[in-house]
Amino acid sequence: MTDPVAGQAPAGRLFAGQGVVVTGAAGGIGRALAARLVIEGARVVINDLDPARTRATAADIGATAVPGDAASEAGSAALVAAADEQLGTIDAWFANAGIVRGFGLDATEAEWSASWEVNTMAHVRAARLLVPHWLERGQGRFVVTASAAGLLTALGAAPYSVTKHGAVAFAEWLAATYRHRGIAVHAVCPQGVQTEMLTNSGPMEQLLVADGALTADDVAEATMTAIREDRFLALPHAQVAGYYRRRAEDTDRWLSGMNKLQRHLESEEER
């Protein structure tokens with residue numbers, strides 16, 4: 001662990017001996033994070049909806065599989081209980097599960113609801129269960145895989161963008177509320193990453209790859225660097241920091257630029 005208020009994690013294996021849970025870890029960023037955590041010395045439980053794929057990934061990387069739903073209240077409680085049994089204690093939670101459902105105002109109520117449950121409320125439900133125990137111990141780590149869409153926006157993907165904003169906001173609240181009590185919080189905010197989510201992202205894909213599509217391993221590396229340096233934001237795409245700064249400094253100009261990009265996308269679709 002880092003110092004509760006400031007400072008860097010010690011050299012060597014970052015999570016040596018720690019019990020860690022990674023959700024959405026059968027593939028993509030979650031798998032890369034889990035594999036890196038094993039290398040960093042952690043005892044890792046991975047979770048995903050597909051039992052066979054989750055078990056296969058666990059066998060490949062040296063983790064323990066606990067398949068199931070990490071988003072619902074009952075599913076979150078079951079995962080925490082199973083991970084406690086497997087690990088003895090949960091030192092860190094990597095809330096990585098996420099979905100893309102629906103685009104624009106055509107997104108259905110069901111698509112909005114699913115996005116909210118997985119992309120935002122899963123983090124809330126896990127934290128409710130974990131934070132009280134971490135406060136008793138004086139340490140814990142909560143890592144949210146959000147998105148650059150949660151710092152900026154994602155044209156064409158309203159449910160994804162809005163619920164990822166919620167994920168970042170909740171992570172910020174956790175950090176502001178509990179940092180001085182030993183709980184470290186990080187938000188991972190990549191743009192395009194070479195995963196199934198990118199290929200299934202529909203009209204978002206063109207925007208997500210504008211600054212290059214990184215590998216999941218690149219995201220895992222950026223995440224470990226942010227943790228080691230005790231930084232809240234992990235930004236695998238360095239350009240996102242500049243976009244985020246410009247958005248804050250002149251929001252109207254930034255929105256005008258985004259609207260210009262929207263008009264460009266619409267003209268491309270009409271061709």
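Residues numbered from 1 in each chain as written. Predicted model: local features only at pLDDT ≥ 70, side-chain atom pairs only at ≥ 80, totals over all residues. Heavy atoms only, no water.

Caption draft 1: Geometry of the overall build of the protein. Across its full length, the protein holds 10 helices and 7 strands. The proportion of buried residues among the 271 residues of the protein is 48%. Contacts spanning at least 24 positions in sequence make up 67% of the contacts within the protein whose residues lie at least 6 apart. For the protein, the exposed surface amounts to about 12400 Å²; the carbon and sulfur share of it is 52%. (Helix = DSSP H or I, 4+ residues; strand = E, 2+ residues; numbered from the N terminus. Buried < 20%, exposed > 50% of the residue type's maximum accessible area, 1.4 Å probe, protein only. Contact = heavy atoms within 4.5 Å. Areas by Shrake-Rupley, 256 points an atom, 1.4 Å probe, with all protein chains shown as cover.)

Caption draft 2: Quick look at the nonpolar core. Grouped together as the largest cluster of nonpolar side chains are 40 residues, with contacts concentrated most on Val21, Ile90, Trp93, Leu130, Trp134, Phe142 and Leu174. When residues of this core are traced back to their parent elements, those giving at least two are α3 (73-87), β4 (92-95), α4 (109-137), β5 (140-145), α5 (158-178), β6 (183-188) and α10 (251-270). With sequence-adjacent residues up to four places away left out, Phe142 is seen in contact with Trp93, Ala95, His123, Ala126, Ala127, Leu130, Trp134, Leu174, Ala184, Val185 and His186. In this structure, Ala25, Val44, Ile227 and Ala234 belong to the second largest nonpolar core, which totals 28 residues. (Core = buried A, V, L, I, M, F, W, Y, C linked by side-chain atoms within 4.5 Å.)

Caption draft 3: Representation of the pairing of β4 within the structure. Every second residue of β4 is oriented toward a common face, with Ala92 and Phe94 on one face and Trp93 and Ala95 on the other, all of them buried. Sheet topology places strand β1 (residues 19-23) next to β4; 3 bridges connect them, and they run parallel. Across the sheet, the residue bridging to Val21 is Trp93, located in β4. Direction of pairing for β4 relative to β5: parallel, over a ladder of 4 bridges. Within the sheet, the bridge partner assigned to Phe94 lies in β5 and is Val143. In this fold, the crossover linking β4 to β5 by way of α4 has right-handed handedness. (Pairing = 2+ DSSP bridges. Right-handed = clockwise from strand over helix to strand, strands pointing away.)

Caption draft 4: Structural context of α5. The terminal C-alpha atoms of α5 lie 30 Å apart, and with 21 residues this matches the ideal 30 Å at 1.5 Å per residue to within 8%. Turning to α5, its buried residues are Pro159, Tyr160, Ser161, Thr163, Lys164, Ala167, Val168, Phe170, Ala171, Leu174, Ala175 and Tyr178. (Expected span 1.5 Å × (residues − 1).)

Caption draft 5: Representation of unusual backbone geometry in the model. Its identity is not glycine, yet Asp230 carries a phi of approximately 60°, on the positive side. Here Asp230 lies in the loop between α8 (216-228) and β7 (233-234).

Caption draft 6: Up close: the packing of α3 against α4. Where α3 meets α4, the axes come as close as 9 Å, and the angle between the chain directions of the two elements is 40°. What the angle tells us is that α3 and α4 run oblique. For the element pair α3 and α4, the recorded crossing hand is right-handed. Listed contacts from α4 to Glu73, Ser76, Ala77 and Val80 of α3 are Arg125, Ala126, Leu129 and Leu130. (Axes fitted to C-alpha atoms, helices over the stretch in contact; angles between N-to-C directions. Parallel < 35°, antiparallel > 145°, perpendicular 65-115°, else oblique. Left-handed = near helix turned anticlockwise from the far one by under 90°.)

Caption draft 7: How the structure looks around the packing of helix α1 (residues 28-39) against helix α2 (residues 51-61). Where α1 meets α2, the axes come as close as 10 Å, and the angle between the chain directions of the two elements is 30°. In this view, α1 runs roughly parallel relative to α2, as classed from their interaxial angle. Read as a crossing pair, α1 and α2 show a hand that is right-handed. For the pair formed by α1 and α2, the contact residues are Arg31, Ala34, Ala35 and Val38 on the first element and Thr57, Asp60 and Ile61 on the second. Residues belonging to the contact of α1 with α2 are distributed by class as follows: 4 nonpolar, 1 polar and 2 charged. (Nonpolar A, V, L, I, M, F, W, Y, C, P; charged D, E, K, R; others polar.)

Caption draft 8: A look at the environment of Gly156. Counting through the fold element by element, Gly156 comes out in the loop between β5 and α5. Separated by 52 residues in sequence, Gly156 and Gly104 place their C-alpha atoms 5.2 Å apart. Those residues in contact with Gly156, other than ones at most four positions away along the chain, are Phe103 and Gly104.

Caption draft 9: Inspection of the sheet that holds β6 at higher detail. If you trace the 7 strands from one edge of the open sheet to the other, you get β3-β2-β1-β4-β5-β6-β7, paired in parallel fashion. In the strand order of this sheet, the two ends are held by β3 (64-65) and β7, each with one partner. Across the sheet, α5 lies against β5 and β6, angled at about 160° from β6, the strand it touches most.

Caption draft 10: View of the pattern of salt bridges. Counted under the stated rule, the structure contains 8 salt bridges. In this structure, Asp91 and Arg137 form a salt bridge, with 2.5 Å as the shortest nitrogen-oxygen distance. Note that Asp91 is positioned in the loop between α3 and β4 and Arg137 in helix α4, a separation of 46 residues in sequence. Accessibility expressed as a relative area gives 9% for Asp91, which makes it buried. Given the relative accessible area of 37%, Arg137 is considered partly exposed. Where Glu117 meets Arg125, a salt bridge forms, and the shortest distance between an N and an O atom there is 2.5 Å. The partly exposed category is assigned to Glu117, whose relative accessible area is 26%. (Salt bridge = Lys/Arg side-chain N within 4 Å of Asp/Glu carboxyl O.)

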